[in-house]
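Next come the chains, spelled out residue by residue.
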Amino acid sequence: MRSPLQIVLFSLGLLLVGSGVNAQSESGSKPESEQESKLSWRAGHANALIPGQEVSAGYLSISNNGDQDETLVNFDSEAAAMVQLHESSMSNGMMSMKHIESLLIPAGETLEFQPGGLHLMIMGADREAFAGESIDINIHFASGAVINATLPIKNLQSHSGH
């Protein structure tokens, strides 16, 4: 039986496919668009899972080397039920975190994900996938471009939040 979250994610996927967003075939044979070739990622990792938890944080840098602005709109991974963009910030001595629906990456700019700032919240994590050396994250843009990032799993001596 599928969880309500899985049903929502599946429905959202059908909605995106039905709205004309190009999906990559399972064979990976979709030719890379010109804009996709101008989008890249580097220097990433995902935190190892803490025993009893199904949530992790991920960090990387995403560069837009194209001549058009790009907007991040979604992330997904076979290693988790949901991946969201979050931002942590300090206000009045209290750390808070909020979900970011979309984020503009201006042409020629790089977006840095790091502890205490922008990060990926990886929820409903697959323990078996996180027991490996890395996980794959798909990064979706409003233009329809999709890039794949392979984030190594980083074991932490102590977990200090996001």
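Residues numbered from 1 in each chain as written. Predicted model: local features only at pLDDT ≥ 70, side-chain atom pairs only at ≥ 80, totals over all residues. Heavy atoms only, no water.

Visitor: Where do I start with the overall build of the protein in this structure?
Guide: On a plain count of helices and strands, the protein comes out with three helices and 10 strands. The N-to-C order of helical and strand elements in the protein reads α-α-β-β-β-β-β-β-β-β-α-β-β. Carbon and sulfur atoms provide 51% of the accessible area of the protein, an area that totals close to 9,800 Å². (Helix = DSSP H or I, 4+ residues; strand = E, 2+ residues; numbered from the N terminus. Areas by Shrake-Rupley, 256 points an atom, 1.4 Å probe, with all protein chains shown as cover.)

Visitor: In this structure, what is going on with the packing of aromatic side chains? I would like to understand it.
Guide: Two numbers describe a pair of aromatic rings. These are the distance of the centres and the angle of the planes. Overall, the coordinates contain one aromatic pair when judged by the stated rule. Both rings, one in Phe-75 and one in Phe-113, keep their centres 6.4 Å apart while their planes meet at 80°; by these two values the pair is edge-to-face. Within this pair, whereas Phe-75 is found in strand E3 (residues 70–76), its partner Phe-113 is found in the loop between strand E7 (110–112) and strand E8 (118–125), the two being separated by 38 residues in sequence. (Phe/Tyr/Trp six-rings, centres within 6.5 Å; stacked < 30°, edge-to-face > 60°.)

Visitor: When you look at the pairing of strand E5 (residues 94–100) in this model, what are you seeing that I'm missing?
Guide: Looking along a regular strand, one sees side chains alternate from face to face of the sheet. Summarising the sheet, strand E4 (residues 80–91) and E5 pair through seven bridges and their orientation is antiparallel. Bridged to Leu-85 within E5 is Ile-100. Counting the residues that bridge the hairpin from E4 to E5 gives two residues, and of these Asn-92 lies at a positive phi of roughly 55°. (Pairing = 2+ DSSP bridges.)

Without other data, these values stay purely geometric and don't point to any function.
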